[in-house]
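Structural features, examined
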Amino acid sequence: MKNTDELESWISLWRVKGIGPKNFQKLLRFFDSPSAVFDSNTSKIQQAGISQKIANSIIEQKDSDASKADIEWLSASDKHHIITLECEQYPKLLKQISDPPCVLYIHGNLDIINDPQLAIVGSRNPTQSGISSAYEFSKYLSSTGLCITSGLALGIDGMAHQGAIDANAPTIAVIATGIDRVYPAKHRELAHKIVEKGAIISEFCIGTHPDSRNFPRRNRIISGLSYGTLVVEAAQQSGSLITARLAGEQNREVFAIPGSIHNPLARGCHQLIRQGAKLVETGQDIMEEMASVIEIDSLSNTVINTQLPTTDTNQKNSECELDDEYLQLLDQMGFDPVPIDDLVIKTGFSTESISAMLLMLELQDYVSSTGSGTYMRLK
């Protein structure tokens, strides 16, 4: 927004406690602009459907310097942007949801926020299989021209962003704090990589600290920016399922990767599939579904004959040859967590031999420790 005075009015109104997207839009429908709201009075503001308490807060905000920190942040870098619902650059898909954020703070490449996007979300504490799936699906789908959007959280979100970065493609992170903060702090370096080609987006004003109440609000933006949402791993009570539910309510595609019935992080995905989410095993499954809502041919950097990521771990790995004893151990493992003691009984090998073999297999990414002395085959 070029008019600084006008932008300051938007930010000041957005900062009023209790406003939120719906009250803000009530005011926009009743008044010509945020500045007209501040030029009004309590009685007139209440006629727009706003409570007396919030109306009083709006009048108290008038002539304050509430937007000062935001404007200073905006001026600090060419990569800092603040856009409003009325801006031409505002994401068209996001504008279609019932409660779009009225102000967006963007750090990075403003040009990509209207690119076709797919959200990838999941557990903050995924299994090794989930980590691999998130990374490989993201890397492949990024190579087709889709922009991968996620929430910068630990676990699946972080791997989704990393997969896109390693595909030399932009990725978008939607955060639940002020955009002047990186949360979690462990992802500070990842955040720096994201803004090189992609963008970090927030609806929260400068200085907003992490607050659990803000994460569901963040989730509606992740799904609202995207044509579809892929859930990789999720427990039955998780923020990822909130994102998937919101995607469904926004009439967007919902995809889920199935897993072992013994994996608690697969239960959320199985629940989604029972509710109508599309079961996916390869990146091609997603591209075929996405072709019904976007022009696949119009995606930039489309890669043809790219090897697809897959969750079919029964495929034999041909990267390196394994001795017969290692193959026998893998055959007895299956793809569910199994204790070492059970493998001793099944194979007849000693505990010491199996422990050493599992270490070698883990180093080659054939198996993964799942804790408490159990291991799971990955491929």
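Read on for an overview of the structure. Quick caveat, the model's predicted, so the values are computed rather than measured.

What counts and how
Residues numbered from 1 in each chain as written. Predicted model: local features only at pLDDT ≥ 70, side-chain atom pairs only at ≥ 80, totals over all residues. Heavy atoms only, no water. Helix = DSSP H or I, 4+ residues; strand = E, 2+ residues; numbered from the N terminus. Phe/Tyr/Trp six-rings, centres within 6.5 Å; stacked < 30°, edge-to-face > 60°. Buried < 20%, exposed > 50% of the residue type's maximum accessible area, 1.4 Å probe, protein only. Lys NZ or Arg CZ within 6 Å of the ring centre and 35° of its normal. Pairing = 2+ DSSP bridges.

Take G130: it is sitting in helix α8 (residues 128-143). Between the C-alpha atom of G130 and that of A266, which follows or precedes it by 136 residues, the distance is 9.4 Å.

Further remarks concern the packing of aromatic side chains. Each aromatic ring pair is summarised here by two numbers: the centre-to-centre distance and the angle between the ring planes. Under the defined criterion, the tally for this structure stands at five aromatic pairs. Pairing W14 with F24 gives two aromatic rings, centres 5.7 Å apart and planes at 70 degrees, and the pair type is edge-to-face. Here F24 lies in helix α2 (residues 20-30) and W14 lies in helix α1 (residues 4-14), a separation of 10 residues in the sequence. In this structure, W14 and F24 share a single accessibility class: buried. Aromatic side chains W73 and Y105 sit 6.3 Å apart centroid to centroid with 65 degrees between the ring planes, which places their arrangement in the edge-to-face category. In this pair, W73 sits in helix α6 (residues 68-75) while Y105 sits in strand β2 (residues 103-108), placing the two residues 32 residues apart along the sequence. The same class applies to W73 and to Y105, which are both buried. Three or more aromatic residues link up through ring pairs in this structure, and these residues are W10, W14 and F24. Above the plane of the ring of F215 lies R124, whose end atom (NZ or CZ) is 5.8 Å from the centre.

Residues in a regular strand point their side chains to alternate faces of the sheet. By the criterion of burial, β2 is predominantly enclosed, with five of the six residues buried. Bridge count between strand β1 (residues 80-84) and β2: five bridges; the pairing is antiparallel. Its bridge partner being in β2, H80 is matched across the sheet by H107. Pairing between β2 and strand β6 (residues 199-202): four bridges, direction antiparallel. Paired with Y105 across the bridge in β6 is S202.

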